Amino acid sequence: MKLLIVEDEVKTADYLRDGLAEQGWAVDVARDGMSGLHLARELDYDVIVLDVMLPGMDGFAVLRELRTRKQTPVIMLTARDRIDDRVHGLGAGADDYLVKPFSFIELLARLQALVRRGRQQEPTELAVGDLQINLIARRAFRDGVRLDLTGKEFALLALLAQRRSQILSKTVIAAQVWDINFDSNTNVVEVAIKRLRTKIDGPFRSKLLHTVRGMGYVLEVREDEREGSASGRSPA
Amino acid sequence: MTWLSIAQRLAAMFALAALLVFALVGVVLHQVLRDQIVRYQHAELSTKLRSVAHSVAMCDSPERWRKVQDKIENLTTSERNTRFWAWSESADFRLGADRALPVRTGNARDYGMGTLDRPGMTSPYRTLEQIVPAYGQRPPVRLWIGIDSQPYVAALRTFALAFVALALVGTALVALLGHWIARVGLRPLQRLSSQARTLSPSNLSQRLRTEQLPPELGHLGGAFNGALDRLEAAYTRLDAFNADVAHELRTPLANLMGQTQVALSRPREAAQLEEVLQSNLEELERMRGIVNDMLFLSRADQGDIALDRACVPLAAEVAKTGEFLEYLLEEAGMRLRIDGAADAWIDSALFRRAMTNLLHNAVQHGTPGSEIVVELATGRSPGEARVAVRNRGQTVAAEHLGRMFDRFYRADAAREHRGERHHGLGLSIVKAIAVLHGGAVFADSGDGVTTVGFSLAEPAALRA
């Protein structure tokens, strides 16, 4: 996956580059609008992360120029979240919009969603280790044993399984499972994860549902835990 | 362009009014005077004409005609401003005219008088005519009397000129006096504005003195003082708000700095550093929550949030929020009941946000195992609605009740509820959302039952 970051804030650009590179992206960085536009036109990126406030040529202008030639997906970053900025950005052809301060995993989720868009259909059968999920029949099995899940628990499990090995923030989970699109300041997601964990991991030796403290939750098979050793990422 | 001062405007308007009055009076006086003059002319002419006509009527021969001529000669003034003419078939009975005089007859207002132009003179003769029937040798005689109108025309013109001059001088005087009066009358306004100039931001409780003002300005002063009251309240609130924000952010900042400094003070294991980073992230998330909520409130204050309103049944929205909080309700052993039904124009996302905060509040403060009731009621007009959340729990004291929607306000100083962190903006967000929907918030508590809720109004655009 090739990705271009156009951002003049050195610290922001650097941590984004390092973080995304670690997640397996091939990252280029442009520090101003002109060079960003040049790179975006000359090379083929899967997605572009574009800051609005740039020296010389601002993000909106870069986007306008780019859209005359290419339809590369663009996520815009801004410190301002006034409605007209949002409308302006999306109207100018941005595919998504993130307001600073945003969480890194939120950006990651959006990037993956943009790249995933237009790909082949999601499978109806998912498997994570010995956990099997049938999205059509809405049933889940672990080690061949049917798990007794409520509707919301199944929706939560399906979301985590579809994005397996991705850290999902509480905000994303609340939005996807309950259609609650704001920071609710409640611990609903923690409680829901705790219940789901009891059902899918409780009786089994290897744990699949992990808490990443301060960031969110991830469903994946971890070798070290299969061996039973605790790590810094142990469930809270 | 620069606008005229109030005194100048008033002076100009007074002058215009005076000019109009003068013009009206002038025109009427001129008409009356002219009418009087015509009447006087008519009276004089008809007296003289009657007397001469009588003599002519008695005359039956050319001899007697000479006597008539003498009499006419006597009546004719030396300046010849009154003249007689007579004409008949017979040349013996004529006077001054060798043929019938071409007299233009006047209109009804001139009492039947005519005019006769005098060659070389600007003003004509005013004339009356009479036909005296035949008598003896004398055929019928046509008799005219004419009076020179020159003095009358001159008098009228002098009057008109004098009046115009008077009107202009009068108008100028009225303008000057008007300006002076207006300036004197507006002196309280000047005093008021010089008072307003002395108001300074360093003393917010300063007000204008309105006791000695005339009533019109008294209202203005009162309204202005009212605005100052509101500004002072808003300013004080903002001041307190800033202090709260700083205080609220100071705790996580102190944690971040302290923990990081401790971690860096000596070499650490990777696991220890990871622990510090995770803890820092939690503090940062907490700060992000505060900043985002504050931004939301500030944008709501500025009316900068576009509402995407639709008319929906509120019960369904409340049920959805209840579903989200289901696990929390279950943990507290509480049940949610929705009473009544109402449809209202709402932005669903914002409504759910308000409902989440209200219900969460009720879960945290309610007695475990009790029931939370959401009462929905329609308002006075369609599209209006009231949402009230009622829970059992400790009665909230009246002094807290009024302030619970204030930003960062907490009734209990201990800021944690059942292990959850709170920054005291939840109910202010409910209030902001209610206000965005044209509604208001309310709270009531007594006998262990607390009711908190908000109202919704129909959008103004739909009422219009």
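Residues numbered from 1 in each chain as written. Chains lettered and ligands numbered in written order. Predicted model: local features only at pLDDT ≥ 70, side-chain atom pairs only at ≥ 80, totals over all residues. Heavy atoms only, no water.

- Per an unreviewed UniProt entry, chain B goes by the name Sensor protein and belongs to Lysobacter firmicutimachus.
- The Catalytic activity (unreviewed entry) comment attached to chain B in UniProt states, word for word, "ATP + protein L-histidine = ADP + protein N-phospho-L-histidine."
- What UniProt records for chain B under Subcellular location (unreviewed entry) is the sentence "Cell inner membrane". (UniProt positions renumbered as here; feature names shortened; annotations may be inferred.)

- As named in an unreviewed UniProt entry, chain A is Heavy metal response regulator transcription factor, taken from Lysobacter firmicutimachus.

**Section: the nonpolar core**
- Ranked by size, the top nonpolar core spans 88 residues in total, and within it A:W178, A:L219, B:L314 and B:F454 carry the most contacts.
- The greatest single-element share of this core, amounting to 8 residues, is contributed by helix α9 (residues 348–365) of chain B.
- Formed jointly, this core draws a minimum of three residues from each of two domains, domain 2 (215–301) and domain 3 (310–463) of chain B.
- When near neighbours in sequence (up to four residues on either side) are disregarded, A:L219 contacts A:V128, A:L131, A:L157, A:L160, A:A161, A:R164, A:S165, A:I200, A:L208 and A:L209.
- Counting residues in hydrophobic clusters, the runner-up holds 24 residues, among them B:L49, B:V52, B:C59 and B:L143. (Core = buried A, V, L, I, M, F, W, Y, C linked by side-chain atoms within 4.5 Å. Buried < 20%, exposed > 50% of the residue type's maximum accessible area, 1.4 Å probe, protein only. Helix = DSSP H or I, 4+ residues; strand = E, 2+ residues; numbered from the N terminus. Domains from an automatic or database assignment. Contact = heavy atoms within 4.5 Å.)

**Some thoughts on the sheet that holds strand β9 (residues 371–378) of chain B**
Residues and elements named next belong to chain B.
- Reading across the sheet, the 5 strands line up as β7-β9-β10-β14-β13 and stay open at both edges, with mixed pairing between neighbours. Of all strands in the sheet, those bounded by a partner on one side alone are β7 (335–339) and β13 (441–446). Between one strand and the next, the sheet's axes are offset by a mean angle of 15 degrees, whatever the strand orientation.
- Examined bridge by bridge, strand β10 (residues 385–392) and strand β14 (residues 449–456) share 8 bridges and lie antiparallel to one another. Across the sheet, the residue bridging to R386 is S455, located in β14. (Pairing = 2+ DSSP bridges. Axes fitted to C-alpha atoms, helices over the stretch in contact; angles between N-to-C directions.)

**Here we look at the pattern of salt bridges**
- In total, this model carries 36 salt bridges over all chains according to the counting rule given.
- Salt-bridge contacts for A:E153 lead to A:K199; the nearest nitrogen and oxygen are separated by 2.8 Å. Here the residue A:E153 occupies a position in helix α6 (residues 151–162), and A:K199 occupies one in helix α8 (residues 188–200), the gap between them amounting to 46 residues.
- Across the pair B:E317 and B:R352 runs a salt bridge, and its minimum N-O distance is 2.9 Å. In this pair, B:E317 is assigned in helix α7 (residues 314–324) and B:R352 in helix α9, connecting sequence segments 35 residues apart. A single burial state applies to B:E317 and to B:R352, both of which are buried.
- Residues participating in the shared-partner salt-bridge network are A:D14, A:R17, A:D18 and A:R31. (Salt bridge = Lys/Arg side-chain N within 4 Å of Asp/Glu carboxyl O.)

**Points about the packing of helix α7 (residues 170–178) of chain A against α8(A)**
Residues and elements named next belong to chain A.
- Contact pair α7 / α8: the axes reach a minimum separation of 10 Å and the direction vectors enclose 75 degrees. Comparing their axes, α8 and α7 come out roughly perpendicular. Contacts between α7 and α8 involve K170, I173, A174 and W178 from the first element and V188, V189, E190 and A192 from the second.
- For the contact of α7 with α8, the per-class residue count stands at 6 nonpolar, no polar and 2 charged. (Parallel < 35°, antiparallel > 145°, perpendicular 65-115°, else oblique. Nonpolar A, V, L, I, M, F, W, Y, C, P; charged D, E, K, R; others polar.)

**Overview of unusual backbone geometry**
Residue and element names in this part refer to chain A.
- Between K100 and P101 the backbone carries a cis peptide bond, its omega angle lying at 0 degrees.
- Looking at the element boundaries, P101 is found in the loop between β5 (96–99) and α5 (104–116).
- At S165, a residue that is not glycine, the phi angle is positive and equals roughly 70 degrees.
- Take S165: it is sitting in the loop between α6 and α7.
- The class for S165 is partly exposed, based on a relative accessible area of 47%.
- Phi at D179 takes a positive value of approximately 65 degrees, unusual for a residue other than glycine.
- Within the element layout of this structure, D179 appears in the loop between α7 and α8.
- Residue D179 is classed as partly exposed on the basis of its relative accessible area, which comes to 35%.

**Some thoughts on the interface of chain A and chain B**
- Facing 30 residues of chain A, the contacting portion of chain B comprises 29 residues.
- Carbon and sulfur atoms supply 51% of the area that chain A and chain B bury against each other, a total of about 2900 Å² over both sides.
- The largest share of the area that chain A buries against chain B comes from A:F182, A:N185 and A:R213, three residues that together contribute 23% of it.
- Counting across the chain A and chain B interface gives 6 salt bridges.
- Salt-bridge contacts for A:D179 lead to B:R352; the nearest nitrogen and oxygen are separated by 3.2 Å. (Buried area = accessible area lost by both parts, 1.4 Å probe.)

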